[in-house]
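The lines below spell out each chain.
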Amino acid sequence: MKIFPFLAFAGGIFALSHHTASANDDKTALIEEGRYLAAASDCAACHSIKNKPEYSGGVSFTLPVGTIHSTNITPDMEHGIGKYTEAEFGRALREGIRRDGSTLYPAMPYPSYARLTDHDVHALYTYFHEGVSAAAIPTPENGVRWPFSMRWPLMFWRWAFSPAPAKAQEKTLHEFADAQMARGAYLVEGPAHCGACHSPRGLAMQEKALTASDGTSYLAGGAMIDGWIPTSLRQENRTGLGRWSEQDIVDFLKTGRNMQGESFGAMTSAIVHGTQHLTESDLHAMAKYLQALQPFDRNQTNWVYDPTATIALRKADVSARGAKLYVDNCAACHRTDGKGYPAVLPPLAGNPVVMGKDPASLVHVVQTGATLPKTEAAPSAFTMPDFMHRLNDQQVADVVTFIRHAWGNNASAVNAEDVAKLRKDMPPRNMADGEISIN
C-alpha cells in the first residue's frame, strides 16, 4: 500500500521535471528568435565595436549638430539596459523614449521599429537580457552642440514624425494581402529599417516616407552617409533595382555580391551583421516586396550597353577624357568592356551606383578603396586599393567621368573641385572600427 504514494510522488517529480525541461526549451527557442530578430534589425552594426564586447555601444555618429554615441545595450545593470523592464524596453525601441522619460536621438530608427509586434519585442527583450553577456562599459559623452544638446525639443520631433506603434503596425501588417509580400513589407519597413538610409529626408531630417503606401519617395535613395550615396531600392532601370532579378536581390543580401554589383559603405555592415543570417524564405520575401515598388523617377530611359568605348580602348584609342587613366588603373579588374568579373569584381557598365545623379560614391571608392568582406555563403574577401595617393583630384575627376560616360552609362561629368570637396569632407578611414558619419 505504500507503493501508491511513492508512485504518485514519483509521477509528480516526473511531471515537474518535464514541465521544467519544456519551459527551458521554450526559453531557449525565444532567445534564438530574439537573436534572429537582432540580426534582422542590424543591432550589432550600430551598437558593437571591433575588439570590444558585443552590443557594448560606443559607436560614434557624426551628425550636422555634433557627435552622438550609441548606447550599451547589454544587460549590465549600471551601464546597459539591465534595469529596463520589458515595457520600458518596448517604449525605447518603438517610441524612442528612454527609461528616464527623455527622447532618444532619431539616429535610433524607432520610426521604423514602431512596426515591431509585441511578440517580437518580447523575443528581443529576452535575448538581450538572457542571451547577451553583460559588459560594464560606459557610453562616451555625446558632443552635440547647444541648443541641440537639449533633449526636450526632440519630444516634438517624435510627435511630428514618429508614428504610434499601433498605427504603424496596422499600416504595415495590412499593406499586402499576399502573405509573402506582407512578410517582406514587415521586414523591410520594420526591423531592417531600410528607409533610414535609402529614403530621402526633409528639412527636419525626418524620412519623407516610412512605408510603401506613403508614396514613391520611400526607398527612392537617401542622403550621403560616410561619403556614400544610398541608391534607390525601387524599380528605376538605370539607378535602381529595375534590372535586378529576385534572386539577384537575395544573393546580394546574403553575400554582399551578385552578377550586378557589390556592397559598399554601411550596406556592407548591414549584410555582415544582419541580412546574411536571414532565412532564404525571408530574403525572398524582402526581394519580392522590393520588386513591387514602382520607380520614383519615371522619366529614365532604359540602360542599353554601348560598345563604343570598348572598341576604342581595344584599338588603343585613349583620346577620350580619362580613358588612359582607366586603362592604367582600372581595366585590369573591371576590363576594357566595363563588365568586370561579376560576383568577384563588379561591372561598371550599367551599374546603378555609377549612373547616379550624385557621383560621390564612385569618387569615394576611387579615393579610399573598398573591401568586400567574407560572409558565410561567400567566404572569399576582395579589396580594391585606394588611389588617393596615386591620382590627384583632376585625375580622379577624369577617370570617374570616363566611367560615367562609357558603355551607355551616359551620366554627367565630374570636375576637380567636386572631388577636392569630397576628399576634404571625407570621414575617418576607420569606419569599420566604430565611426559612422551622417551628413
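Residues numbered from 1 in each chain as written. Predicted model: local features only at pLDDT ≥ 70, side-chain atom pairs only at ≥ 80, totals over all residues. Heavy atoms only, no water.

Asker: Requested: an account of the overall build of the protein, with residues and values cited.
Answerer: When helices and strands are tallied, the protein shows 18 helices and 6 strands. Taking 22 Å as the expected radius of gyration for a compact globule of 439 residues, we find that the protein reaches 25 Å, a close match to that expectation. In the protein, the share of contacts with a sequence separation of at least 24, taken over all contacts with a separation of at least 6, comes to 65%. (Helix = DSSP H or I, 4+ residues; strand = E, 2+ residues; numbered from the N terminus. Rg over C-alpha atoms; globule rule 2.2 N^0.38 Å. Contact = heavy atoms within 4.5 Å.)

Asker: Kindly report on the environment of Ile 73, identifying the contributing residues and their values.
Answerer: Mapped onto the fold, Ile 73 is located in the loop between β2 (66-69) and α3 (86-95). A residue is classified by how much of its surface remains accessible, and Ile 73, at 13% relative accessible area, is buried. It is 37 Å that separates the C-alpha atoms of Ile 73 and Pro 359, two residues lying 286 residues apart in sequence. (Buried < 20%, exposed > 50% of the residue type's maximum accessible area, 1.4 Å probe, protein only.)

Asker: Outline the packing of aromatic side chains, listing residues and values.
Answerer: Taken as a whole, this structure holds 15 aromatic pairs when the rule is applied. Ring centres of Phe 156 and Trp 159 lie 5.4 Å apart, and the angle between their planes is 85°; on these two criteria the pair is classed as edge-to-face. Of this pair, Phe 156 and Trp 159 both sit in helix α6 (residues 154-161), 3 residues apart, which is roughly one turn of the helix. Looking at Trp 159, the relative accessible area reads 55%, which means it is exposed. Here the aromatic rings of Phe 402 and Trp 407 are separated by 5.8 Å at their centres, their planes lie at 85°, and the arrangement is edge-to-face. Judged by its relative accessible area of 1%, Trp 407 is buried. (Phe/Tyr/Trp six-rings, centres within 6.5 Å; stacked < 30°, edge-to-face > 60°.)

Asker: Report on the pattern of salt bridges, specifying residues and quantitative values.
Answerer: Any two side chains of opposite charge can pair, so long as their charged atoms come close to each other. Tallied over the full model, the rule gives 15 salt bridges. Between Arg 314 and Asp 337 there is a salt bridge, with the nearest N and O atoms lying 3.7 Å from each other. Of this pair, Arg 314 sits in helix α13 (residues 308-314) while Asp 337 sits in the loop between α15 (331-334) and α16 (360-368), and the two are 23 residues apart along the sequence. Each of Arg 314, Arg 335 and Asp 337 takes part in salt bridges that share partners, so that together they form one network. (Salt bridge = Lys/Arg side-chain N within 4 Å of Asp/Glu carboxyl O.)

Asker: Mind laying out the domain arrangement of the protein, listing which residues take part and the relevant values?
Answerer: According to the domain assignment, the protein contains domain 1 (1-165) and domain 2 (308-423). On a C-alpha basis, the centroid separation for the pair domain 1 and domain 2 is 42 Å. (Domains from an automatic or database assignment.)

Asker: Talk me through the packing of helix α10 (residues 246-255) against helix α12 (residues 280-291); I want residue IDs and the actual numbers.
Answerer: Between α10 and α12, the least distance of the axes is 9 Å, while the angle of their chain directions is 125°. Between α10 and α12, the crossing angle belongs to the class labelled oblique. Crossing hand, α10 versus α12: right-handed. Contact residues: α10 offers Glu 246, Gln 247, Ile 249, Val 250, Leu 253 and Lys 254, while α12 offers Glu 280, Leu 283, His 284, Met 286, Ala 287, Lys 288, Leu 290 and Gln 291. (Axes fitted to C-alpha atoms, helices over the stretch in contact; angles between N-to-C directions. Parallel < 35°, antiparallel > 145°, perpendicular 65-115°, else oblique. Left-handed = near helix turned anticlockwise from the far one by under 90°.)

Asker: Run through helix α11 (residues 266-273), naming residues and quoting values.
Answerer: Of all the positions in α11, only Thr 268, Ala 270 and Ile 271 are classed as buried. In a view along the axis of α11, the buried residues occupy a sector of 160°, so they form one face of it. Its buried side turned inward, α11 meets α10 and β4 (370-372). (Arc of directions from axis to C-beta.)

Asker: Tell me about the UniProt feature "domain: Cytochrome c" (unreviewed entry) in the protein, and name the residues and values.
Answerer: Following the UniProt record, one finds the feature "domain: Cytochrome c" (unreviewed entry) at residues 29-132, 179-294 and 317-407. Helix makes up 42% of residues 29-132 and strand 8%, and the two end C-alpha atoms of the span are 15 Å apart. Helix makes up 39% of residues 179-294 and strand 0%, with an end-to-end C-alpha separation of 20 Å. (UniProt positions renumbered as here; feature names shortened; annotations may be inferred.)

Asker: Break down helix α8 (residues 179-189) for me, with residues and values.
Answerer: When you tally the buried positions in α8, you get 8 out of 11 residues, the bulk of the element. All buried positions along α8 are accounted for by Met 181, Ala 182, Gly 184, Ala 185, Tyr 186, Leu 187, Val 188 and Glu 189. A side-chain oxygen of the first residue of α8 lies 3.1 Å from the backbone nitrogen of Gln 180; this N-cap is Asp 178. (Polar contact = N/O pair within 3.5 Å; in protein donor to acceptor, adjacent residues only side chain to side chain.)

Asker: Lay out the side chain of Glu 262 with the relevant residues and their values.
Answerer: Tracing the chain through its elements places Glu 262 in the loop between α10 and α11. Beyond its immediate stretch of four places on either side in the chain, Glu 262 contacts Phe 252, Gly 256, Arg 257, Ala 343, Val 344, Leu 345, Pro 346 and Leu 372.

Asker: Residue-level account of the environment of Lys 50, with values.
Answerer: Mapped onto the elements, Lys 50 comes out in the loop between α2 (43-47) and β1 (60-63). Spatially, the C-alpha atom of Lys 50 lies 31 Å from that of Ala 285, the residues being 235 residues apart in sequence.

Asker: I'd like a description of the pairing of β2, backed by residues and values.
Answerer: Of the pairings in the sheet, the one linking β1 to β2 comprises 4 bridges and is antiparallel in character. Residue pairing in the sheet places Ser 60 in a bridge with His 69 of β2. In this structure, β2 lies alongside strand β3 (residues 143-144), joined through 2 bridges in antiparallel fashion. Among the inter-strand pairings, Thr 67 is bridged to a residue of β3, identified as Gly 143. (Pairing = 2+ DSSP bridges.)

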